[in-house]
Amino acid sequence: IDAPADIAMENLLEKLKLLSYEKEFCRRKRPFWAPLTRTYFASPSPNNNQNEQFFYFTSLVTWLLNATGRNFTAPQQFDDPNAACTNILMELKESGFATPNFPPAKLKSGYGEAICGVLDNLADLVLEKQGFTWKKAVYQPDGYVEEAEVDEGADLGAEMGDADNIGGLPEPEEEEAYMEGVRGNETSEKDSTDGPLESKIDAAEWKLELERVGPQLRVTVVPDGKDWRTHLEQTHQHQQTIEDALPDSKSQLDRVESEVTGALEKITTREKFVNNQFEHLTREYRAVREQLAQVQERYNKSTENVAELTNELAHVSEELENIKNTMTEKGDNISDTSPLVKIKSAIQRLKVELKAMEVRIGVAEHALLQVNLKNKGKEEGRTVKTQAAAEGYDSEDGF
């Protein structure tokens, strides 16, 4: 940052006006942003509102970055300022700016050379993106009305007086130079003429011509508010006003000071008197406060003990409720005869099934016995036939 903060701020304001920031930026927010002054970011806020000043800076930076084609999200008013400053510097670096020689925390103040430098460089970048170029200044010719041919020395003195003194009163040195020039012209004219001068123009025509061109010869000087002479004159006027008002104001302030000092002394004396009168009450109050503190401490301990016992009681009550539920379930199970009835019915079914099984077994044994008897009868028949056959064979051999 080469320029001081106040000069950089003036340059920034002119560039923002070229970008029509009052229409494109100030009127995009409700309520509208207030237009910048020539010292807004060059000095601290007069209302000591640093947050508002920093929020104005971040919003203006966001608008300028978006105008260059970047997609930068505006930080909110109550976001972390350190994170907002870091994000802004990273976005500037990505936009092609060199790494700054100051830390991001320097932007947190909302004013100063760092703030003005960042905004001024961003405004230059936006103007460059929009194709704006600075051209040489073109000075328009002076549009003064042609004056009648009058004395050159008088015209020179009047013009110098109008240009150098806005108030219309010539300076002493300029007035002296003007008078010397007039006297020199008069002397030269007297030397060049041997006799008295006689006008060959009719006085009536001269008067009519004077009335015609007289209004055109009047030069109206419009005071410029940016001119240093106007500022200097205003400064002298303010200084004179201050010097005129200083004695009365000083006397009034001295009187107020004396009254305030007397009131403070009375208050101090009265305070000492009250302290002396109520000292025993003060001691009693302190003793009562100490007792109250002790009682409060015992009360807090008792409250803690009660809370612990209450928790323990709740736990025991919960366990007791569980035990009661368990006992109730077991009592219900003991008094319930449905299992016994089921057992009896199962035994009856088993008896019936056993009887049926015994009958089946008896039937099966009888069937087996019949089969065995049949088989045994067949075997005995075969044995008898075999023996008979054997006996017949033996008898045939005997014959």
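Residues numbered from 1 in each chain as written. Predicted model: local features only at pLDDT ≥ 70, side-chain atom pairs only at ≥ 80, totals over all residues. Heavy atoms only, no water.

**Student:** Even after reading the chapter, I still don't get the overall build of the protein chain, so can you show me in this structure?
**Tutor:** A tally of regular secondary structure across the protein chain gives eleven helices and zero strands. Across the protein chain, helices and strands are ordered from the amino to the carboxyl terminus as α-α-α-α-α-α-α-α-α-α-α. Counting over 399 residues, the protein chain shows a buried share of 15%. Taking contacts inside the protein chain between residues at least 6 apart in sequence as the whole, the part at least 24 apart equals 66%. Here the protein chain displays about 32,400 Å² of accessible surface, and carbon together with sulfur accounts for 55% of that area. (Helix = DSSP H or I, 4+ residues; strand = E, 2+ residues; numbered from the N terminus. Buried < 20%, exposed > 50% of the residue type's maximum accessible area, 1.4 Å probe, protein only. Contact = heavy atoms within 4.5 Å. Areas by Shrake-Rupley, 256 points an atom, 1.4 Å probe, with all protein chains shown as cover.)

**Student:** Would you explain the confidence of the model for the protein chain in this entry?
**Tutor:** Atom-level detail of predicted coordinates should not be read off regions where pLDDT is low. Averaged over every residue, the pLDDT of the protein chain is 78; the share at 70 or more is 79%. Note on residues 144-172: pLDDT under 50 across the span, and 25 contacts to partners over four residues away in sequence or across chains. Segment residues 188-194: pLDDT under 50, and one contact once partners within four positions in sequence are set aside and those in other chains are kept. (pLDDT = per-residue confidence, 0-100.)

**Student:** Explain the packing of helix H3 (residues 50-67) against helix H5 (residues 113-129) to me, please; I cannot follow it from the model alone.
**Tutor:** Two measures define how a pair of helices packs: the angle their axes make with one another and the distance between the axes. At a closest axis distance of 9 Å, the pairing of H3 and H5 adopts a crossing angle of 20°. By the angle between their axes, H3 is roughly parallel relative to H5. Once H3 is placed against H5, the crossing between them reads as left-handed. Side by side, H3 and H5 meet where Phe-57, Leu-60, Val-61, Leu-64, Leu-65 and Ala-67 of the first sit next to Ile-115, Val-118, Leu-119, Leu-122, Ala-123 and Val-126 of the second. For the contact of H3 with H5, a count of residues per class yields twelve nonpolar, no polar and no charged. (Axes fitted to C-alpha atoms, helices over the stretch in contact; angles between N-to-C directions. Parallel < 35°, antiparallel > 145°, perpendicular 65-115°, else oblique. Left-handed = near helix turned anticlockwise from the far one by under 90°. Nonpolar A, V, L, I, M, F, W, Y, C, P; charged D, E, K, R; others polar.)

**Student:** Before we go on, may I ask you to explain the environment of Gly-69 in this structure?
**Tutor:** With respect to the helices and strands, Gly-69 occurs in the loop between H3 and helix H4 (81-94). Considered as a pair, Gly-69 and Ser-95 are 26 residues apart in the sequence and their alpha carbons are 9.5 Å apart.

**Student:** What exactly am I supposed to notice about the pattern of salt bridges here?
**Tutor:** Any two side chains of opposite charge can pair, so long as their charged atoms come close to each other. Within this structure, the stated rule accounts for eight salt bridges. In this structure, the salt-bridge partner of Asp-120 is Lys-15, at a minimum N-O distance of 2.7 Å. Note that Asp-120 is positioned in helix H5 and Lys-15 in helix H1 (residues 5-18), a separation of 105 residues in sequence. Residue class for Lys-15 comes out buried when judged on its relative accessible area of 10%. The network of salt bridges with shared partners includes Lys-15, Asp-120 and Asp-124. (Salt bridge = Lys/Arg side-chain N within 4 Å of Asp/Glu carboxyl O.)

**Student:** Is there a simple way to explain unusual backbone geometry in this structure?
**Tutor:** Negative phi characterises most residues that are not glycine, and trans characterises most peptide bonds. We note that Ser-20 has phi near 55°; this positive angle belongs to a residue other than glycine. Positionally, Ser-20 belongs in the loop between H1 and helix H2 (21-24). By relative accessible area, Ser-20 is classed as partly exposed at 37%.

**Student:** Looking at this model, I keep getting lost on the nonpolar core. Mind explaining?
**Tutor:** In globular proteins that are soluble, nonpolar side chains generally tend to be buried together. Phe-41 and Phe-57 are the most contacted members of the largest nonpolar core, which has 39 residues in total. Sorting the residues of this core by element identifies H1, H3, H4 and H5 as the ones contributing at least two each. If we skip the residues at most four places from it in the chain, Phe-41 touches Met-9, Leu-36, Gln-53, Tyr-56, Phe-57, Leu-60, Gly-110, Tyr-111, Gly-112, Ile-115, Cys-116 and Leu-119. (Core = buried A, V, L, I, M, F, W, Y, C linked by side-chain atoms within 4.5 Å.)

**Student:** What's the story with the packing of H1 against H5 in this structure? I'm lost.
**Tutor:** For the pair H1 and H5, interaxial distance at closest approach is 9 Å and the crossing angle is 30°. In terms of orientation, H1 and H5 fall into the roughly parallel class. Seen from above, H1 lies across H5 with left-handed handedness. Residue-level contacts link Ala-5, Ala-8, Met-9, Asn-11, Leu-12, Lys-15 and Leu-18 of H1 to Glu-113, Cys-116, Leu-119, Asp-120, Ala-123, Asp-124 and Leu-127 of H5.

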